[in-house]
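Observations on chain architecture
Listed here are the chains, written in short residue letters.
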Amino acid sequence: RMPNKLALLALGAGALAFARIKDRAKSGAREANVDDDDMTAPKVTLVESGSTTKRVKNTPQSIPAVSPLKARDASATNHTSAGLDAHEITADGIAVTISTFGATIVKLKTRSVESDAVKNFDDIVLGYDDCESYDDTEGRPYFGAVCGRVANRIAKGEFKVRNKMYTCAKNNGENTLHGGVSGWDRKRWTVEDKTRSSITLSYVSTDMEEGFPGTVKMYVVYSVVGYRERVNLVVDEKTQLVRIEVSKYAELTTKMTATTDSSTPISTVQHTYFNLHGHSSMQDCGAHVVEMPNCHAYVPVDEDTLIPTGEGVRKVDGTPFDLRKPTAMFEKSPEGYDHSFVIAGADATRPASELPREAPRLAARVTCADAGRALEVYTDAPGVHFYTGNFLSEDMVGNTKDGAAYARQSGFCLETGWFPDAVNQNTKLGASYPGVIVNRGDTYSHTLTYRLLNV
């Protein structure tokens, strides 16, 4: 039967190609971003921030989980005075708004159906309407920010570099989370370059900022590519017939690089929360289906502190962490996830400063049939941290976008990067738990791509 399937495939593919050629001949010149190999996109719009508006906080009746994060020291620089300073980059089928505060993704709009109508664009990332809300420490969710100098947790806020002990600012109980009290998510970044479909931001982290040694120059490049087409082959299990499905997708790529004047740990994540229904849909992510086909192991952590147990990585077989096949998001773990997974491949044990890297691998795929869209995440980093918004609450303080109420588990994150407490665990476990120390003369590099598809 296989030769018949191949014959059907060849005929179908030939017919599809002929139809496209005929259609293009009739329509004449097409828009540049329709062609699969063309990277051009419509213009970038600069959204002026204006004066910072007075914020009216949501007034919670009760906050179920009080954030352990500490407030910024009174002597610290106020980075909120310039407001969001938002910049929009666009391409066919996608529009992304970036703030210079925290290099934050504020909005990500994409189509839910194959239509050019603006009304069919949904903003699918959670966020706030003003800069002060992003800067608030109470129940801080890190919506859309670039977290660093070291993302995730550092046990007891301590680590050694070249046999010298350093103590970081502790903002998560006795541990350091996402760079400390005032990490890179709370800093004002500089716009270095803008094009119609990309923006480059930079930040200089000074020596001993939040307790980290060395001065680091960090760059983040956000770029979008408009709709392309992907051909999938689908075999009907009952009839054994092969059919061709064509789906459209657009992409947002984040490229993070850094250099330092002395040895220091660097490990960043992009902390965007997604809800494929739309950020203001008032729906949780229960209808989302997650698949992590390349994640054969995960990092076991203490249930209370979320610090690694010290055993390294553990196979997912027979555990709620086995998400290698499509699984409803909360089917195996109703309480959700806040765990790091190892992405199989050559880069699974590669240190943060080792170049060149392999081609990005698929970290995860999340599908929401009700919304008509799917998200695929690709990266060259060793792992991905899967977080299902377990601490979100409708009582969160801050001006959410469009006045939306973000309930528990109404957003999820797929934070590609290195593993929690890597700066300490690598010393104990070696190459199986890749290190994050970057030395002078080395370059830190981390690339991830969000691919958004119509389904």
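The structure presented is a predicted model; accordingly, all values stated were derived computationally and were not measured.

Looking only at helices and strands, the protein features three helices and 27 strands. Per-residue burial over the protein gives 53% buried out of 455 residues. Partitioning the intrachain contacts of the protein with sequence separation of at least 6 by distance along the chain shows that 70% fall at a separation of at least 24. Summed over its atoms, the accessible surface of the protein is roughly 19,800 Å², and 51% of this surface lies on carbon and sulfur atoms.

Looking now at the sheet that holds strand S19 (residues 314-315). Here five strands make up an open sheet; going across it, the order is S19-S18-S21-S24-S25 and the pairing antiparallel. The open sheet has two free edges, formed respectively by S19 and strand S25 (413-417), since each of these has just one partner strand.

Below, the discussion takes up empty space enclosed by the protein. Summed over the entire model, instances satisfying the criterion amount to three cavities of 30 Å³ or more. By volume, the largest cavity amounts to about 60 Å³. Thr104, Tyr128, Tyr134, Arg140, Pro141, Tyr142, Phe143, Ala145 and Asp185 together form the lining of the largest cavity. For the lining of the largest cavity, the residue count by class is six nonpolar, one polar and two charged. Volume-wise, the second largest cavity comes out at about 40 Å³. Taken together, Asn152, Arg153, Val299, Val301, Leu306, Asp338, His339, Ser340, His385 and Pro420 make up the full set of residues lining the second largest cavity. With three residues, strand S21 (residues 338-342) is the single largest residue contributor to the lining of the second largest cavity. In terms of residue class, the lining of the second largest cavity is made up of four nonpolar, four polar and two charged.

To continue, consider the sheet that holds strand S13 (residues 216-235). Strands sit in the order S11-S12-S13-S14-S27-S23-S22-S17-S20 across an open sheet of nine strands; the sheet is antiparallel. With one partner strand each, in any of the chains shown, strand S11 (190-194) and strand S20 (327-328) form the two edges of the open sheet. Pairing between strand S14 (residues 242-260) and strand S27 (residues 444-454): ten bridges, direction antiparallel. Residue pairing across strands places threonine 253 opposite threonine 449, the latter belonging to S27.

Moving on, we get to the pattern of salt bridges. Within the structure shown, the criterion is met by 13 salt bridges. Aspartate 185 is the salt-bridge partner of arginine 140, the closest N and O atoms lying 2.1 Å from each other. Of this pair, arginine 140 sits in the loop between helix H2 (131-135) and strand S6 (146-147) while aspartate 185 is found in the loop between strand S10 (176-177) and S11, placing the two residues 45 residues apart along the sequence. For arginine 140, a relative accessible area of 11% translates into the label buried. Note on aspartate 185: relative accessible area 2%, which makes it buried. Each member of the salt-bridge network shares a partner with another, and the members are Glu291, Arg365 and Glu376.

It is worth spelling out the confidence of the model for the protein at this point. A residue-level look at the protein finds 81% of positions with pLDDT of 70 or above and a mean pLDDT of 84. Here residues 5-11 is a poorly scored stretch, pLDDT under 50, and it has six contacts once near neighbours within four places are set aside; other chains count. Contacts of residues 15-68 to residues separated by more than four positions or lying in other chains number 83 contacts, the stretch itself having pLDDT below 50.

It is worth spelling out the environment of valine 397 at this point. With respect to the element layout, valine 397 can be found in the loop between strand S24 (383-387) and S25. The buried category is assigned to valine 397, whose relative accessible area is 6%. Remark: the alpha-carbon pair of valine 397 and glycine 139, spanning 258 residues in sequence, is separated by 7.4 Å.

Here we take up helix H3 (residues 422-429). Looking at H3, one finds that the buried residues are Ala422, Val423, Asn424 and Gln425. Buried residues along H3 sit against strand S7 (153-154), strand S8 (158-161), strand S15 (264-265) and strand S26 (437-438). Glycine 430 sits one or two positions beyond H3 and adopts a positive phi of about 80°.

Turning our attention to the nonpolar core. Grouped together as the largest cluster of nonpolar side chains are 79 residues, with contacts concentrated most on Tyr222 and Phe386. Other than its neighbours up to four places away in sequence, phenylalanine 386 contacts Val290, Met292, Leu323, Met329, Tyr337, Asp338, His339, Phe341, Phe412, Cys413 and Leu414. Counting residues in hydrophobic clusters, the runner-up holds 15 residues, among them Leu126, Cys131, Leu392 and Met396.

Another aspect to go through is the packing of aromatic side chains. Describing an aromatic ring pair means giving the distance of the ring centres and the angle of the ring planes. Summed over the entire model, instances satisfying the criterion amount to 18 aromatic pairs. Where phenylalanine 159 meets tyrosine 166, the ring centres are 5.7 Å apart and the plane angle is 20°; that geometry is what we call stacked. This pair shows no difference in class: phenylalanine 159 is buried, exactly as tyrosine 166 is. Judged by centre distance (6.2 Å) and plane angle (65°), the rings of tryptophan 184 and tyrosine 203 are edge-to-face. Taken as a pair, tryptophan 184 in the loop between S10 and S11 and tyrosine 203 in strand S12 (residues 198-205) lie far apart in primary sequence, 19 residues in all. The two residues tryptophan 184 and tyrosine 203 agree in class, both being buried.

Checked against the element boundaries, threonine 272 lands in the loop between strand S16 (269-270) and strand S17 (289-291). For threonine 272, a relative accessible area of 2% corresponds to the buried category. Side-chain polar atoms of threonine 272 contact the side chain of glutamine 270, separated by 2.6 Å. Those residues in contact with threonine 272, other than ones at most four positions away along the chain, are Ile105, Val125, Gly144, Phe412, Cys413 and Tyr450.

This brings us to a nonpolar patch on the surface. Taken together, the side chains of Val231, Leu233 and Val246 present a nonpolar region at the surface, about 230 Å² in accessible area. Looking at the secondary structure, you find valine 246 in strand S14. Note on valine 246: relative accessible area 34%, which makes it partly exposed.

Below, the discussion takes up the pairing of strand S2 (residues 86-91). Along S2, five of the six residues are buried, which leaves the element largely enclosed by surrounding structure. Between S2 and strand S3 (residues 94-99), which pair antiparallel in sequence order, lie two residues; one of them, glycine 93, sits at a positive phi of approximately 90°.

Cut-offs used in this document
Residues numbered from 1 in each chain as written. Predicted model: local features only at pLDDT ≥ 70, side-chain atom pairs only at ≥ 80, totals over all residues. Heavy atoms only, no water. Helix = DSSP H or I, 4+ residues; strand = E, 2+ residues; numbered from the N terminus. Buried < 20%, exposed > 50% of the residue type's maximum accessible area, 1.4 Å probe, protein only. Contact = heavy atoms within 4.5 Å. Areas by Shrake-Rupley, 256 points an atom, 1.4 Å probe, with all protein chains shown as cover. Pairing = 2+ DSSP bridges. 1 Å grid on protein atoms, 1.4 Å probe; cavity = no way out; pocket = protein on both sides within 12 Å on 5 of 7 lines; lining within 4 Å. Points joined across faces, edges and corners; volume = space filled by probe spheres on them. Nonpolar A, V, L, I, M, F, W, Y, C, P; charged D, E, K, R; others polar. Salt bridge = Lys/Arg side-chain N within 4 Å of Asp/Glu carboxyl O. pLDDT = per-residue confidence, 0-100. Core = buried A, V, L, I, M, F, W, Y, C linked by side-chain atoms within 4.5 Å. Phe/Tyr/Trp six-rings, centres within 6.5 Å; stacked < 30°, edge-to-face > 60°. Polar contact = N/O pair within 3.5 Å; in protein donor to acceptor, adjacent residues only side chain to side chain. Patch = residues over 30% accessible without salt bridge, like charges linked within 9 Å, V, L, I, M, F, W, Y side chains within 5 Å.

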